Amino acid sequence: MEGLLPDLDVIRKDFPILSRVLADGQPLVYLDSANTSQKPQVVIDAMVDHLERHNANIARAMHQLGAESTEAYEAARDTVAGFLNAPSRDEVVFTKNVSEGLNLVANTLAWGGVSTSSTGGVGGKGGNLKVDESSEILITEMEHHSNIVPWQLLAQRTGATLRWFGLTDDGHLDLSNIDELINERTKVVALTWVSNMLGTINPVRMLADRAHQVGAIVVVDAAQAVPQMPVDVVASGADFLGFTGHKVTGPTGIGVLWGRAELLDALPPFLGGGEMIETVAMEGSTYAPIPHKFEAGTPPIVEAVGLGAAVDYLASIGMDRVRAHEEAITAYALEGLSTVSGLTVLGPREARERGGAISFELDGIHPHDVAQVLDSRGIAVRAGHHCAKPAHKRFGVQSSTRASSYLYTTPAEIDALVDGLEYTKKYFGVDR
Amino acid sequence: MTTQNLDSLYQEIILDHYKNPHHQGLREPYEAEVHHVNPTCGDEVTVRVHLSGTAQDAVVEDVSYDAEGCSISQAATSVMTDLVIGKPLEQAMAVHDEFLALMQGRGNVEPDEETLEDGIAFAGVAKFPARVKCALLSWMAWKDATAQIVASSVDSSPVEPVETPAETREEQS
């Protein structure tokens, strides 16, 4: 199969959990990587090594372990900056997850009456970042709840108007009214790069260019993009871009918000506390430069170390090759699923237009029941609304079953899924 | 999970109710209508309750519903209507309590067919913590609607409210 990682057997051996045997002697078929990815031994080892040998708090402990721990934490920032092609390591803010990164931007935009004109401003136009009642915030109907709710809150708090791109029947953004939606009042355009439900890959660069023409900032939810395709933050056109560690073979509890230095500098602090200050007096405080301004309190240190190891691991394989593998497996899965009668895939049917998450409906069987029967055969998928209720509503469904692949997914696992779905239909007596 | 376990979850009775649900649809008259959702999966149910009489004399005259959800939640709704319609409210609440105890028993509670009838088929569901909410969704909606009717009748006449056990509230989420 063209595009498949040639050393797939070797790669699978990097992930100890993939040899798990489940109840009834069923081998694990893990097709829930869009939910969370599995972890290679190098990530586990890096975290264990840090905890066993280097553990200390960072940036404040005046001892050898403190220096080692600080170095490890900051090295992870360098690694992530390199992975994203960020112009500066200071543009990489460690957060808890993507949600925190998006909330950071949405909240500080409500507070910040700051001008960016000194350095040419947003999109070269200069201007005020503050969102107020005259502003419009533009999102899309395919967003994860974490890229909807923070903007709803921002709109409610500021009186701004929330608008969104609708979707076409084949699961793409409906851009027919783009000239109306992106206008002089638009302050923020926030969108997902790759949909966690429909799989759709959105034209981020084109939308960013359009947004910049009106002086809006562009916030990209890259939770599903960074794991499975090469991401160059500069080339993307984004002003802010977030992703999470646990979907890129790293641990939970750590995310990344990348932002253009000029904008991060201009925004006020989000959370106040230790480590984000320059000096504190009872009358007032001054703040540390970025990225520390946005990292209040003891950060997730060992999680950052794990994330650094994870992106190093992905880089060693090559994100171009990971993307080629995902595309090959996704094409194979779409073909296999098309043989299952009564099954409807939600989202684009062409692998090149989409990521590796495939949501589908099976006539007459609720997604919960599909997932339950698949689980009895060792196949792990997700069932529900995948934190994308509006996107489900758009397609007239309440929930769906989602199978999602990653760099360790084999064609044989897709075969097991297709067989499992046929079995599910028989089990519930739904066969046409 | 073994195939045997799968069969213990999807009892024939459950699949029968799923395919041919009883008392389906929204009907009049009713004194209260509630809408409950399971936030993790998006399953939804609208339940209408019609009571006659008040306090100790209250009788569940009708429970009608519009539900969207998995086989477990759909079948549980159907079985619930069989179990409560026509019963004195006090007795229906007792059945509710017994079903709740079965669902929260992690598979260690022996169901009583006398009171739970087809509800005993859900004994296997209790072994799947992720599915317990599915089985309880409509029961919680029914209890909520009933409590609303009782509360409003208390406002207008001096009767005792039906007790709603506080420890079950968390199951509603």
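Since the structure is predicted, the reported quantities are computational estimates derived from the model, not experimental observations.

The next thing to look at is the overall build of chain B. Each helix and strand in chain B was counted, giving 6 helices and 3 strands. The N-to-C order of helical and strand elements in chain B reads α-α-β-β-β-α-α-α-α. When each of the 173 residues of chain B is scored for burial, the buried share is 39%. When contacts within chain B are restricted to residue pairs at least 6 apart in sequence, those whose partners lie at least 24 apart make up 62%.

Right, let's get into the interface of chain B and chain A. Taken together, the contact between chain B and chain A spans 13 residues of the former and 15 residues of the latter. Considering every element that reaches the side of chain B that touches chain A, the biggest residue donor is helix α1 (residues 3-9) of chain B, with 3 residues. Each residue belonging to the side of chain B that touches chain A can be placed in one class, and the counts come to 6 nonpolar, 6 polar and 1 charged.

What follows concerns the sheet that holds strand β6 (residues 161-165) of chain A. All names here are of chain A. The strand order across the open sheet built from 7 strands is β4-β10-β9-β8-β7-β5-β6, with neighbouring strands paired in mixed fashion. Both outer strands of the open sheet, β4 (92-95) and β6, are each paired with one neighbouring strand and no more. Neighbour to neighbour, the strand axes of the sheet diverge by 20° on average, direction disregarded. In this structure, strand β8 (residues 217-221) lies alongside strand β9 (residues 240-244), joined through 3 bridges in parallel fashion. Looking at the pairing, V219 lines up with F240 of β9. Strand contacts of helix α4 (residues 98-111): β4, β7 (186-192), β8, β9 and β10 (255-259), with the helix running at about 150° to β9, the strand carrying the most contacts.

In this section: the packing of helix α12 (residues 367-375) of chain A against helix α14 (residues 411-427) of chain A. Residues and elements named next belong to chain A. Axis separation between α12 and α14 bottoms out at 9 Å; the angle between their running directions is 115°. Between α12 and α14, the interaxial angle falls into the category roughly perpendicular. The hand of the α12/α14 crossing is right-handed. Packed against α12, whose contacting residues are V370, V373 and L374, the element α14 presents G420, Y423, T424 and Y427 at the interface. Among the residues forming the contact of α12 with α14, the class breakdown is 5 nonpolar, 2 polar and no charged.

Residue and element names in this part refer to chain A. With respect to the helices and strands, the residue G199 is situated in the loop between β7 and α7 (204-213). For the pair formed by G199 and A296, sequence separation is 97 residues and the distance between their alpha carbons is 34 Å. With near-sequence residues (within four places) excluded, G199 lies in contact with V194, G347, P348, R354, G355, A357 and I358.

The next point concerns the confidence of the model for chain B. When pLDDT drops low, the exact placement of atoms in the prediction is not to be read closely. Residue and element names in this part refer to chain B. When the pLDDT values of chain B are averaged, the result is 86; 86% of them are 70 or greater. Predicted confidence is poor over residues 158-173, with pLDDT under 50, and the contacts of this stretch with residues over four places away or in other chains come to 21 contacts. Of the two predicted TM-score estimates for the complex, the pTM is 0.90 and the ipTM is 0.77.

Our focus in this paragraph is the nonpolar core. By size, the foremost hydrophobic cluster in this structure holds 130 residues, and its most contacted members are V188(A), V189(A), V220(A) and V305(A). If one sorts the elements of this core by residue count, helix α10 (residues 301-317) of chain A sits on top with 10 residues.

All names here are of chain B. The strand order β1-β2-β3 describes an open sheet built from 3 strands, whose pairing is antiparallel. Across the chains shown, the open sheet's two edge strands, defined by having one partner strand only, are β1 (32-37) and β3 (59-68). The average undirected angle you get between the axes of adjacent strands in this sheet is 20°. Across 6 bridges, the pairing between β1 and strand β2 (residues 44-52) is antiparallel. In the sheet register, H35 faces β2, and the bridge partner there is T46. Lying over the sheet, helix α3 (residues 71-84) contacts β2 and β3, oriented at roughly 170° with respect to β3.

With that settled, consider helix α5 (residues 149-158) of chain A. One turn of the α-helix equals 3.6 residues, which is why residues spaced by three or four share an orientation. Residues and elements named next belong to chain A. For α5, every residue scored as buried is listed here: P150, W151, L154, A155 and T158. Projected down its long axis, α5 shows its buried positions confined to an angular sector of 140°, all on one face. Turning to α5, the residues buried within the fold contact α4, β5 (136-140), β6 and β7. Positive phi shows up at G159, right after α5, with a value of about 85°.

Rules of the game
- Counting restarts for each chain: residues are numbered from 1 in the order of the written sequence.
- Numbering of ligands from 1 and lettering of chains from A proceed in the order in which they are written.
- Local features are withheld for residues below a pLDDT of 70 in this predicted model, meaning they are given only at 70 or higher, and side-chain atom pairs are given and counted only at 80 or more; totals for whole chains, interfaces and linings count all residues.
- Helix and strand assignments follow DSSP, with helices taken as H or I runs no shorter than four residues and strands as E runs no shorter than two, numbered in order from the N terminus.
- Using C-beta atoms placed from the backbone, we call a residue buried if 20 or more other C-beta atoms fall within 10 Å of its own, exposed if 12 or fewer do, and partly exposed for counts in between.
- For every residue pair, C-beta atoms are placed from the backbone, and the pair is scored as a contact if these atoms sit within 7 Å.
- Gly falls in the polar group here, along with every residue not listed as nonpolar (Ala, Val, Leu, Ile, Met, Phe, Trp, Tyr, Cys, Pro) or charged (Asp, Glu, Lys, Arg).
- Whether two strands pair depends on DSSP finding at least two bridges between them.
- Orientation is described by axes fitted as lines to C-alpha atoms, over the contacting stretch for helices, and by angles from 0 to 180 degrees between their N-to-C directions.
- When an angle is under 35 degrees it counts as roughly parallel; over 145 it counts as roughly antiparallel; between 65 and 115 it counts as roughly perpendicular; any other value is oblique.
- In a left-handed crossing the near helix is turned counterclockwise from the far helix by less than a right angle, and in a right-handed crossing that turn is clockwise.
- Every residue carries a pLDDT, the predictor's confidence in it, which falls somewhere between 0 and 100.
- Any nonpolar core is a set of buried residues, restricted to Ala, Val, Leu, Ile, Met, Phe, Trp, Tyr and Cys, that join up through C-beta atoms within 7 Å.
- Arc, as used here, means the arc of the directions from the helix axis to the C-beta atoms.

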